[in-house]
Amino acid sequence: MIVVANWKSYVETREEAKKLFALAKRLMAAVRRVKIVLAPAYPHVGLLAPGNRSRVAFAAQDVSDTTVSAATGEVSGATLRNIGATYAIVGHSERRAKGETDAMVAEKVRRALVNGLTPILCIGERERDEDAQYLSILKSQIAAVFSVLSPKERLQVIVAYEPVWAIGKHASDAPSPEDIAEMVLYIRKVLSDYLPGKNAKSAKILYGGSAESANVRAIAGGSGVDGFLVGHASAEPAMFAALVKALA
Ligand code: PGA
């Protein structure tokens, strides 16, 4: 199981960041089947990732769609790789809500791959409608990215299914394991258009949206996901420890 800890903007001090990193190292030593990827704010990636010799890996919460250029405020994939990130979250709904388009997300995924960062591509519908239009939203979010990647690049993308309506709430508001299982099947079916043979079956799919200690075990056992993208429950030590231990 992969657990990506998306600290969002919850962690603002070096002390908190260091404490959470130390906790992640202890948890990974204790719970061998869980791989923890920490996604702090950029400056904290720079604080924690250089010289990291532990099994904990680092993700950026975003990556620029530009490279060396006059692009004020952008952080390029090369910069992130140089400070020790090995993953990048791309297309998070909180970035999309600020105007990030599918085309920008696709370019960001490419920039991540070119720089040796494993992209964690976030997809998810804002709401569920009775006509199941939300399925076509997921399909087009996947198509926008996978259609511009080479067959080799496609194999490296991790997909995080995050229904926007379930983000930032509580375990009881998250979809059931059965619901997530259906979505995982659907996502694999869409991926099979881009990943030949058995590759769609082995593509890594994470679930995100109010993943907490109370629901991760049931979701892990009953939905076919390969792990979780965790927001609020990853930025608070006791909640994060309980969540990882629930997967033991
Ligand atoms: P949440 O956030 O766990 O707080 O719902 C998940 C995410 O947005 O990645």
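Above: the structure in question.
Residues numbered from 1 in each chain as written. Predicted model: local features only at pLDDT ≥ 70, side-chain atom pairs only at ≥ 80, totals over all residues. Heavy atoms only, no water.

J.: Just to check I follow, could you spell out helix 5 (residues 102-114) for this structure?
T.: Here helix 5 spans 18 Å end to end across 13 residues, near enough to the 18 Å set by a 1.5 Å rise per residue. Along helix 5, the residues classified as buried are V105, A106, K108, V109, R111, A112 and L113. For helix 5, the secondary structure elements touched by its buried residues are strand 4 (87-90), helix 4 (93-96), strand 5 (118-123), helix 6 (133-146) and helix 7 (151-154). G116 sits one or two residues past helix 5 and shows a positive phi near 75°. (Helix = DSSP H or I, 4+ residues; strand = E, 2+ residues; numbered from the N terminus. Expected span 1.5 Å × (residues − 1). Buried < 20%, exposed > 50% of the residue type's maximum accessible area, 1.4 Å probe, protein only. Contact = heavy atoms within 4.5 Å.)

J.: Explain the pattern of salt bridges to me, please; I cannot follow it from the model alone.
T.: Pairs can form between side chains of opposite charge once their charged atoms are near each other. On inspection of all chains with the given rule, the structure shows nine salt bridges. Here E94 ties to K8 by a salt bridge, and the two come within 2.9 Å at their closest N and O atoms. Linking E94 in helix 4 with K8 in the loop between strand 1 (2-6) and helix 1 (14-30), this pair joins segments that are 86 residues apart in sequence. Overlapping salt bridges, with partners in common, bring together D62, R95, E100 and K108 in one network. (Salt bridge = Lys/Arg side-chain N within 4 Å of Asp/Glu carboxyl O.)

J.: Sorry, what's going on with the sheet that holds strand 6 (residues 158-161) here?
T.: Reading around the circumference, 1-2-3-4-5-6-7-8 is the order of the eight strands in this closed barrel, with parallel pairing throughout. Between one strand axis and the next, the sheet turns through 25° on average, direction left out of account. Pairing between strand 1 and strand 2 (residues 35-39): five bridges, direction parallel. Bridge pairing in strand 2 places N6 opposite A39. Seen against the sheet, helix 5 touches strand 4 and strand 5 and runs at an angle of roughly 160° to strand 5. Helix-sheet contacts for helix 11 (residues 237-246) involve strand 1, strand 2 and strand 8 (227-230), and the interaxial angle to strand 1 is about 165°. (Pairing = 2+ DSSP bridges. Axes fitted to C-alpha atoms, helices over the stretch in contact; angles between N-to-C directions.)

J.: What's the story with the site of the ligand in this structure? I'm lost.
T.: Around the ligand lies a shell formed by N6, K8, H92, E162, I167, G168, G209, S210, L229, V230, G231 and H232. The side chain of H92 places a nitrogen or oxygen atom 2.7 Å from an oxygen atom of the ligand. Within the contact set of the ligand, an oxygen atom lies 2.7 Å away from a side-chain nitrogen or oxygen of E162. In the complex, the protein chains occlude 100% of the 280 Å² of accessible area that the ligand would expose alone. For the shell around the ligand, the class distribution of residues is three nonpolar, seven polar and two charged. (Near = heavy atom within 4 Å. Polar contact = N/O pair within 3.5 Å; in protein donor to acceptor, adjacent residues only side chain to side chain. Areas by Shrake-Rupley, 256 points an atom, 1.4 Å probe, with all protein chains shown as cover. Nonpolar A, V, L, I, M, F, W, Y, C, P; charged D, E, K, R; others polar.)

J.: Help me out: how do you make sense of the packing of helix 5 against helix 6 in this one?
T.: Angle between the axes and distance between the axes are the two parameters that describe a pair of packed helices. Across the interface, helix 5 lies against helix 6 with an axial gap of 8 Å and an inter-helix angle of 45°. The angle between helix 5 and helix 6 falls in the class oblique. In terms of crossing hand, the pair formed by helix 5 and helix 6 is right-handed. When helix 5 is examined against helix 6, the residues D102, V105, A106 and V109 are found in contact with a partner set consisting of S140, Q141, A144 and V145. (Parallel < 35°, antiparallel > 145°, perpendicular 65-115°, else oblique. Left-handed = near helix turned anticlockwise from the far one by under 90°.)

J.: Please clarify how helix 1 should be interpreted in this entry.
T.: The α-helix advances 3.6 residues per turn, and as a result positions three or four apart in sequence lie on the same side. Over its 17 residues, helix 1 runs 24 Å from end to end, which matches the ideal 24 Å to within 8%, given 1.5 Å per residue. Within the sequence span of helix 1, burial applies to A17, L20, F21, L23, A24, L27 and M28. Along the axis of helix 1, the buried positions cluster into a sector of 165°, meaning they face one direction only. Of the exposed residues in helix 1, those oriented more than 90 degrees away from the buried face are E15, K19, R26 and A30. (Arc of directions from axis to C-beta.)

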